[in-house]
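As a plain string of letters, each chain reads:
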Amino acid sequence: MSAAVDQQAASEEPMTSAPGSVVEQLRERIRRLQAAPRQYLAVLRTGVAAVDALLPAGGFPLGQAVELCGEAASGRTSLALRAVAAAHREQRLCAWVDGPKEIYPPAAAALGVDLERLLVVRPPLPEQRVWAAVQLARSGAFACVVLDLTRGVGAAGRPTRLSLPETRKLADAAGRGGGLLLLTTPDAPADGMTRLRLEARGVEGWSVELVRSRQGGTGSRVVRPWSELYPELGLDGGGHLLDVAAGAADATADFQRAQRSALRNGAGVQGQARPVRVPAMSRAEGAREARRC
Amino acid sequence: MRRGYLHLVRFPVQRKVVESPELAGRPFVLVEEARGQRRVAFASTSALRAGARPGLTLTAACALEPALGNFPYRPEAETAALAALGEALLGLSPGFQLSAPEGLWFDASAAHLVGGEEALGSRVLEVCAEQGYRGHVAVASESFTARALARHGARRVEVVAEGQSGRALSPLSLSALESREAEAFSALGLSTLGQVAALPPAAVTARGGAAGARIQARCRGADDTPFVPAVLEEVLEERVVLDGPVESFEPLQFALKTLLDRLGARLSGRGWAAVKLTFLLKLDPSGCLELPLTLARPTARAKLLLDLARHRLSELRVEHPVVEVAARVDEHGEDSGQQLSLGEVPEGDAALEVVLSRLVTTLGDESLFSSALEAAFRPEAAHLPRRFQPPEARRGLGMDLGRPVESALGRDPVAWERPPRLLAQPACLEAELSSSGGMQAAWLNGRRHGVTMMEGPERLDGEWWSEAAFSRDYYRVFFEGLGPAWVFRDARDGRYYLQGLFD
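Everything quoted here is computed from the prediction, not taken from an experiment. (Residues numbered from 1 in each chain as written. Chains lettered and ligands numbered in written order. Predicted model: local features only at pLDDT ≥ 70, side-chain atom pairs only at ≥ 80, totals over all residues. Heavy atoms only, no water.)

## Remarks on the overall build of chain B
Turning to step 1, where the next piece is worked out: The number of helices and strands found in chain B is 13 helices and 20 strands.
Turning to step 2, where the next piece is worked out: The proportion of buried residues among the 503 residues of chain B is 50%.
Turning to step 3, where the next piece is worked out: Put simply, 59% of the contacts in chain B that link residues at least 6 apart link residues at least 24 apart.
Turning to step 4, where the next piece is worked out: Surface summary for chain B: the accessible area is close to 22900 Å², and the carbon and sulfur share equals 51%. (Helix = DSSP H or I, 4+ residues; strand = E, 2+ residues; numbered from the N terminus. Buried < 20%, exposed > 50% of the residue type's maximum accessible area, 1.4 Å probe, protein only. Contact = heavy atoms within 4.5 Å. Areas by Shrake-Rupley, 256 points an atom, 1.4 Å probe, with all protein chains shown as cover.)

As structure tokens, then:
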């Protein structure tokens, strides 16, 4: 890192004085570039220290298929997005095979995902998901491919269960392409690949258990608070259950207040604002506080 | 002005061999219709050896060589191919002038950029060789000198210094004049251009008139013929007419290679990169099939374009045989090249383009996209799909080692409040409300989920000017057996809806 900083500092030095010195500076920069060790990406870290520590390689290993198994809201998507963001920090490309068509790009961008480098694939037919993921992973053009096999909330039918040949194809594609293949699946796991089981354990947090791994560490589990995945979720502190009825009379559209809030879906008008509670809600909170007192 | 001449010996024959490699070494002729007769316009080397000269009737040529193949000669197609070659040279020369059907002049005034006129000539021949053509180049200050030396000179690359044209031309035979006036000089017993140049100018003018004087001036190295650069076509399109209707992909591949080699060279010459291409297949007896191809990263590399074309067309099923194939560049960008580190090869982009092409072919163009954020209050309208065109990774001297790339939004804490999963359609919840109106539980898919915690609300409303006006109070709710979710209460009907999951 220090070498990189030196290099950056060297690059920002003004190239003044004699032309010979400019050539010398360029030579020096080329020499440093050639001397610097190649940075090979071996793992994609989630940024959640406890989860990274749970994995034998210290993160999701490239060239392998890893399954994130769990219920609908157990943190699978957040972990996958964090792995994608880690790849994007290295300027690598990622792909998301979005089976249920539920990935929400604004939230992904907030987690550090570079939307320009994320290819979203939405196959028209469910049986095309695995094929698309195999093609993407095998190409080697993507550092991380996420295959979302969940059904989506309210969808009818049984959850997709991968057959053994399909699982082998996926693992083989990840190995050939050299990228990470992440599967987010419900409670119907695929066989034969590293598996993490995630579980929502009430408001106190969520748990991750390494169910299967060839590198060891199987059976280890951690329970972490929700704030590690969603710092602003606000449920760890018990939440604030409002008296909706108190504000119901005031719950009609109030465009003047909307303008005061100056918020556009979390991004803010020109990116400068954060959501503020409208006055009606603030009054409701005041009433609640008064009752508590 | 310094100018060069590129002479491609029997260019139409060379082009035919490039298009149909199986013709190499075989006797064949290109035939044109003249006064109701089919006469040889160009002949391959084997055919020439057999005696099939240009101007012979096809019948006479076939009598000389029974195994002689014949193909129609299309002057327009040859001129277009020559112009395409001229465009490919634009990376070395600012302009070119056609001299159909076997050569072209090019502007050599920028030769110092490639290491001199000798090096320019070699580079021009290299570009030709990449496309399968062999030729000769001469650089001089006059059009005639350059052309005559390229066509009749002995060296592959000839450079004539300023003022030395007469001396360079003097050993050439009178056939280099390529005009009827040469016969008059031959009748006088002259055999070289040097001898013509040595004649007294007044006598030549008296006998030969203005034409004779002009020819003698050229032989002395004086030629004021202007250089008129060709006007480039607005639309880049290449076309190959197949010898016969084809029903399989195999013969089409050869045509595609030729087509895309030329297209890639033309793109490179102009400094362009293709963003969107359309392949046109003309069917027999009628009909045309158009196949668009959009690239994630603009490119002018013929090999990559051919790979993509193979993927696009290999599994295509057409009802009728194909008689003509064409490729048109519908959208182009500037070819900024690719900065690679030492020892790297641009295989990554090729793999990306190939897999994208394969997916588009199978899943459809609309199934692949990247997203762009939109400034909108309505959560489901806060992003839009757009074409996947990832930026190039900065490498080499331009990159900043070790410095992580932050996303456009960075880590804005506000945006953490959005769920990573948003339902395509908000799901209506059958909510159990307390006496005060608070939600105690909700039914979803026939299951009851108790509310453990609830945070909010955050009001989002807007679009009051349209039919789709909305006003929602959003809550972050923890449901038993489901997990944290994003729920809103619609002010229009007072009902609760599940819109997202904090998965």
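And the narrative resumes.
## Concerning the pattern of salt bridges
Residue and element names in this part refer to chain B.
Turning to step 1, where the next piece is worked out: According to the stated counting rule, one finds 43 salt bridges over all chains in the structure shown.
Turning to step 2, where the next piece is worked out: For Arg-155, the salt bridge identified is with Glu-118, shortest N-O distance 3.8 Å. With Arg-155 in the loop between helix 6 (143-152) and strand 8 (157-159) and Glu-118 in helix 5 (residues 117-130), the pair connects residues that are 37 residues apart, well separated along the chain.
Turning to step 3, where the next piece is worked out: Residue Arg-155 is classed as partly exposed on the basis of its relative accessible area of 45%.
Turning to step 4, where the next piece is worked out: The class of Glu-118 is partly exposed, set by a relative accessible area of 39%.
Turning to step 5, where the next piece is worked out: With its nearest N and O atoms 2.5 Å apart, the salt bridge here joins Glu-324 to Arg-239. In this pair, Glu-324 sits in strand 12 (residues 322-334) while Arg-239 sits in strand 9 (residues 236-246), placing the two residues 85 residues apart along the sequence.
Turning to step 6, where the next piece is worked out: Note on Glu-324: relative accessible area 10%, which makes it buried. (Salt bridge = Lys/Arg side-chain N within 4 Å of Asp/Glu carboxyl O.)

## Some words on the sheet that holds strand 16 (residues 439-444) of chain B
Residues and elements named next belong to chain B.
Turning to step 1, where the next piece is worked out: One closed barrel holds the 6 strands; their spatial order is 15-16-17-18-19-20, and the pairing between them is antiparallel. Neighbour-to-neighbour, the strand axes of the sheet open up by a mean angle of 45 degrees, direction not taken into account.
Turning to step 2, where the next piece is worked out: Across 4 bridges, the pairing between strand 16 and strand 17 (residues 447-462) is antiparallel. Bridge pairing in strand 17 places Trp-443 opposite Arg-448. (Pairing = 2+ DSSP bridges. Axes fitted to C-alpha atoms, helices over the stretch in contact; angles between N-to-C directions.)

## A word on the packing of helix 1 (residues 11-19) of chain B against helix 11 (residues 249-270) of chain B
Residues and elements named next belong to chain B.
Turning to step 1, where the next piece is worked out: It is at 9 Å that the axes of helix 1 and helix 11 come closest, and there the two elements cross at 125 degrees. By the angle between their axes, helix 1 is oblique relative to helix 11. Residue-level contacts link Arg-15, Val-18 and Glu-19 of helix 1 to Phe-254, Thr-258 and Arg-262 of helix 11.
Turning to step 2, where the next piece is worked out: Its residues assigned to classes, the contact of helix 1 with helix 11 comprises 2 nonpolar, 1 polar and 3 charged. (Parallel < 35°, antiparallel > 145°, perpendicular 65-115°, else oblique. Nonpolar A, V, L, I, M, F, W, Y, C, P; charged D, E, K, R; others polar.)

## Thoughts on the pairing of strand 8 (residues 194-200) of chain A
Both faces of the sheet carry side chains from a regular strand, because those side chains alternate between them.
All names here are of chain A.
Turning to step 1, where the next piece is worked out: Of the strand pairs in this sheet, strand 3 (residues 65-70) and strand 8 are connected by 5 bridges, and their pairing is parallel. By the bridge assignment, Leu-68 is partnered in strand 8 with Leu-196.
Turning to step 2, where the next piece is worked out: Pairing between strand 8 and strand 9 (residues 206-212): 6 bridges, direction antiparallel. The partner of Arg-197 across the bridge, within strand 9, is Glu-209.
Turning to step 3, where the next piece is worked out: Hairpin connection of strand 8 to strand 9: 5 residues between the antiparallel strands, including Gly-202 at a positive phi of 75 degrees.

## Focus: the packing of aromatic side chains
Turning to step 1, where the next piece is worked out: The tally for this structure, following the rule as stated, stands at 11 aromatic pairs over all chains.
Turning to step 2, where the next piece is worked out: Look at Tyr230(A) and Phe502(B): their rings are 5.2 Å apart centre to centre, the planes differ by 75 degrees, and that puts the pair in the edge-to-face class. In this pair, Tyr230(A) is assigned in the loop between strand 10 (221-224) and helix 8 (244-248) and Phe502(B) in the segment after strand 20 (496-501), connecting two distinct chains. No difference in accessibility class separates Tyr230(A) from Phe502(B), as the two residues are buried.
Turning to step 3, where the next piece is worked out: By way of ring pairs, the aromatic residues Tyr474(B), Trp486(B), Phe488(B) and Tyr497(B) are connected into one cluster.
Turning to step 4, where the next piece is worked out: In this structure, Lys16(B) is placed above the aromatic ring of Phe71(B), and the distance from its NZ or CZ to the ring centre is 4.6 Å. (Phe/Tyr/Trp six-rings, centres within 6.5 Å; stacked < 30°, edge-to-face > 60°. Lys NZ or Arg CZ within 6 Å of the ring centre and 35° of its normal.)

## Focus: the environment of Glu392(B)
All names here are of chain B.
Turning to step 1, where the next piece is worked out: Topologically, Glu-392 is positioned in the loop between strand 14 (383-386) and strand 15 (421-433).
Turning to step 2, where the next piece is worked out: Judged by its relative accessible area of 35%, Glu-392 falls in the partly exposed class.
Turning to step 3, where the next piece is worked out: Sequence spacing of Glu-392 and Asp-349 is 43 residues, and the spatial spacing of their C-alpha atoms is 9.5 Å.

## Focus on the sheet that holds strand 3 (residues 37-43) of chain B
All names here are of chain B.
Turning to step 1, where the next piece is worked out: Read across the open sheet, the 3 strands follow the order 3-2-4; overall the sheet is mixed. Each having just a single partner strand, strand 3 and strand 4 (69-72) make up the two edges of the open sheet. Strand-to-strand twist of the sheet, defined as the mean angle between neighbouring strand axes without regard to direction, takes the value 45 degrees.
Turning to step 2, where the next piece is worked out: Bridge analysis of strand 2 (residues 28-34) against strand 4 gives 4 bridges, and the strand direction is parallel. The residue of strand 4 that forms the bridge with Val-31 is Pro-72.
Turning to step 3, where the next piece is worked out: Contacts between helix 1 and the sheet are confined to strand 2, strand 3 and strand 4, with strand 2 contributing the most and set at about 125 degrees to the helix.

## Points about helix 4 (residues 75-88) of chain B
Turning to step 1, where the next piece is worked out: Under the 1.5 Å per step criterion, the end-to-end length of helix 4 of chain B is 20 Å for 14 residues, consistent within 8% with the ideal 20 Å.
Turning to step 2, where the next piece is worked out: Those residues of helix 4 of chain B not exposed but buried are Glu78(B), Ala81(B), Leu82(B), Ala83(B), Ala84(B), Leu85(B), Gly86(B), Glu87(B) and Ala88(B). (Expected span 1.5 Å × (residues − 1).)

## Details of the confidence of the model for chain B
Residues and elements named next belong to chain B.
Turning to step 1, where the next piece is worked out: Counting all residues, the mean pLDDT for chain B is 86, and 93% of those residues have values of 70 or more.
Turning to step 2, where the next piece is worked out: Taking the mean pLDDT of every element in chain B, the minimum, 80, falls on helix 13 (residues 347-363) and the maximum, 96, on strand 7 (residues 136-140).
Turning to step 3, where the next piece is worked out: With pLDDT under 50 throughout, residues 395-416 is counted as low confidence; its partners more than four residues away or in other chains account for 54 contacts. (pLDDT = per-residue confidence, 0-100.)

## A closer look at the environment of Pro101(B)
Turning to step 1, where the next piece is worked out: Looking at where Pro101(B) falls in the secondary structure, it is placed in the loop between strand 5 (96-99) and strand 6 (103-107).
Turning to step 2, where the next piece is worked out: Along the backbone, Pro101(B) and His7(B) are 94 residues apart, and their C-alpha atoms lie at a distance of 9.6 Å.

## Side note on unusual backbone geometry
Turning to step 1, where the next piece is worked out: Going from Ala100(B) to Pro101(B), the amide bond is cis rather than trans, its omega being 5 degrees.
Turning to step 2, where the next piece is worked out: If you check the backbone angles, Lys101(A) has positive phi at about 60 degrees while not being a glycine.

## A look at the environment of Ala148(B)
Residue and element names in this part refer to chain B.
Turning to step 1, where the next piece is worked out: With respect to the secondary-structure elements, Ala-148 resides in helix 6.
Turning to step 2, where the next piece is worked out: In this structure the C-alpha to C-alpha distance between Ala-148 and Ala-138, which are 10 residues apart in sequence, comes to 8.5 Å.
Turning to step 3, where the next piece is worked out: If near-sequence neighbours (up to four positions away) are discounted, Ala-148 is found in contact with Gly-153, Leu-169, Leu-172 and Ala-176.

## A look at the confidence of the model for chain A
Residues and elements named next belong to chain A.
Turning to step 1, where the next piece is worked out: Overall, the predicted model of chain A reaches an average pLDDT of 74, with 67% of residues at or above 70.
Turning to step 2, where the next piece is worked out: In the model, residues 1-17 has pLDDT below 50 throughout and makes 18 contacts with residues more than four positions away in sequence or in other chains.
Turning to step 3, where the next piece is worked out: Confidence over residues 242-287 falls short of pLDDT 50; this stretch has 88 contacts with residues more than four positions distant or in other chains.

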